[in-house]
Amino acid sequence: SFAAGGGMDTFNYRYGRANCDASSQDFDNAKPLAANNPFMTNNLGSVVVRKRMTSIGRFSLKSESETNLSIPTFFLALSGSKKPDSNDASANTTAVGTSQSTKNTFTVNDFESTWMNRDMPSRHPRFHSTVSRHDDRFFEETHHVKAATTENDGNDKDETNLQIKAELDRHASETMHFSVYREDLRNRIENMLTSPIEVAEKLWEVKISSGAIGSSGAISKVKSEAITTRQQVSNEIRALKRQPTKGRLWKDAVGDTKPMESVLLFRSHHALADGASIMAALSDLCDEAEEIRSDIEAELKKWKRGKQGKKGVLRRLISRFMRLIKFMMWITLGSARSALYQVWLQLTTRTNPFDAVKQDAEKKGLAMSGQRAISWCDACPLDEAKRMTQILSKASGSNITVNDLFVSCISAAVTRQLIEHEEFMAPVDAHSRKRVARNINVCIPVHLRGGVILPNESLGNRIGAFVTRVPGEMTHDARGGGTPSCPSDRLMKVHQSLKRSKQSPAPILSHYVAKFCSNYLPEQWTKNIFQRANCNACVAISNNRGYKDKIHMNGMTVESAHGFLPLPPGIPIGVVVQSYAGVMSLSVTAEKWAVPDPDKFLRWCLDEYSRLLETAAKLEKSQ
């Protein structure tokens, strides 16, 4: 299978190189190489297929710097028991004391087996790509072929699979589990965000570790205690079902049932794909993969039926023509308006509010380049956040979204961080601040496909972004309290600002501007444009919509998932807002000089959320 816009440029044989102009169809229909081919060994041979990289992928290579690498990182935390493996002899043994320590943990072997069973090399071949050493505009994929034989066809397939599986050892590795609660995991995430990937050797990696549940902090204490309680109750029930076995005194029906956790820590270079696409592609590893793909196909069919309706042929043609006219007007007028708004933001935001903080930190020797402050937390139930937005929307006569809600909370936290820095640098009266701006700019990355991979599509970089202005310091920030209406005032201003930008073609425009820069401009120009395009934004906020129910991997439950944003050059703070299994979560990645205490930063976000929740509760009583 070939990526969109891709093609075959060269075959790189193990014992020679040959140029060819074959199409993808020619390659797919090609016959196996003859057994007497002098360029093939008696076992496995290989060819390297070169495919063109997406423009956005190359843009990420050209625009990153040594201290701002473009490497999205996230972790999945699993618990529970794996599916029984009929091929595993230890699964069927009844001996007392038999080690079943791997039954409740996810290992590299499990990852590799699941990868092959889910046919990931065929479904997403780009995972097996590297960036060409000779021309960074191309990926190179190694394909394995077997000399044609008339016997042991099944064995041939097994050998090919084993060779591909062995290559996963370059990507998947097992590490020691985390001993210090949250701190070890925090340090490892920081290392993965700031350490470069040798893209000519691999584009992604996953580190897997297992230990007692709750020991790493990947699963919150509340969730860990709930899982442990459920396990204890289950153990007590199963203890009553112990039965004698032949040749042994007793056999526990479930063996070792101590609650354990496995943490899968992923990172990948943006050249491979954007973070949302990576997480969507990796959902093909979960047990519910077929169900997820069926849901996407059903939504697509529903959308197509809604567009067609029961109109006649002539009416459908007229409707399509009118939609085309509206689309052209939206693109033309919206692009002009977005460009003018971008210029206005550039002219009216000449400096970043955090510039003074960085200068002060450099004078004191505290600005260590490339270091990251990392934290994450579960924020609230998704239903509670939705209910809150409904109440506030009804009261204001608008349509406030959950994304508006959390952008407002994050902007309040950024403001409080700036206030703390100013008071630390030079204590001043709260009403005569010099550096805390009344407005700040935020950058919002947008996935152009809504964070999903459509049927028959593979990985890609389908992402754009826009910058908008939201309130900075407001009355209740300066006074350290204030009236209950202040949080809702901020939320309304944030909603109005985001609404204008989301209804514009700014994300699409930014996507194609990045493609143009990647294809036609020198690398240094691309870096400068990328940094200036953020309009001195203080924070980048990504909103990822996860699955409404918990998913499973090889029978084990994915209890939590958190992603971490790679900081774009010039932006000191990145926040990911994510929903999964009915829970909203937050994660922050920041320069350490900008956010010395990331846990406190997230508490400020939750403080603003609590004030909004109180406001919504009062409005609900009065309605």
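Structure: see above.
Each value, and the rule that gives it
- Residues numbered from 1 in each chain as written.
- Predicted model: local features only at pLDDT ≥ 70, side-chain atom pairs only at ≥ 80, totals over all residues.
- Heavy atoms only, no water.
- Pairing = 2+ DSSP bridges.
- Helix = DSSP H or I, 4+ residues; strand = E, 2+ residues; numbered from the N terminus.
- Axes fitted to C-alpha atoms, helices over the stretch in contact; angles between N-to-C directions.
- Contact = heavy atoms within 4.5 Å.
- Salt bridge = Lys/Arg side-chain N within 4 Å of Asp/Glu carboxyl O.
- Buried < 20%, exposed > 50% of the residue type's maximum accessible area, 1.4 Å probe, protein only.

As for the sheet that holds strand β18 (residues 573–580)
Read from one edge to the other, the open sheet built from six strands follows the order β12-β19-β18-β15-β13-β14, with strand pairing classed as mixed. Both outer strands of the open sheet, β12 (372–381) and β14 (463–471), are each paired with one neighbouring strand and no more. Strand-to-strand, the axes of this sheet are offset by a mean angle of 20°, without reference to chain direction. With nine bridges joining them, strand β13 (residues 439–447) and β14 adopt antiparallel strand pairing. In the sheet register, C443 faces β14, and the bridge partner there is V467. Against the sheet, helix α7 (residues 183–194) contacts β12 and β19 (583–591), and its axis sits at roughly 115° relative to β12.

Points about the pattern of salt bridges
Overall, the coordinates contain 26 salt bridges when judged by the stated rule. Among the salt bridges present, the one from R186 reaches E183, with a minimum N-O distance of 3.1 Å. One end of the pair is R186 and the other is E183, both in helix α7 and three residues apart, which spans about a single turn. Judged by relative accessible area, E183 falls into the partly exposed class, the value being 35%. Residue E420 is joined to K600 by a salt bridge in which the shortest nitrogen-to-oxygen separation is 2.9 Å. With E420 in helix α14 (residues 402–425) and K600 in helix α19 (residues 598–622), the pair connects residues that are 180 residues apart, well separated along the chain. On the accessibility criterion, E420 (28% relative accessible area) is partly exposed. Each of R182, E183, R186 and D599 takes part in one network of salt bridges that share partners.

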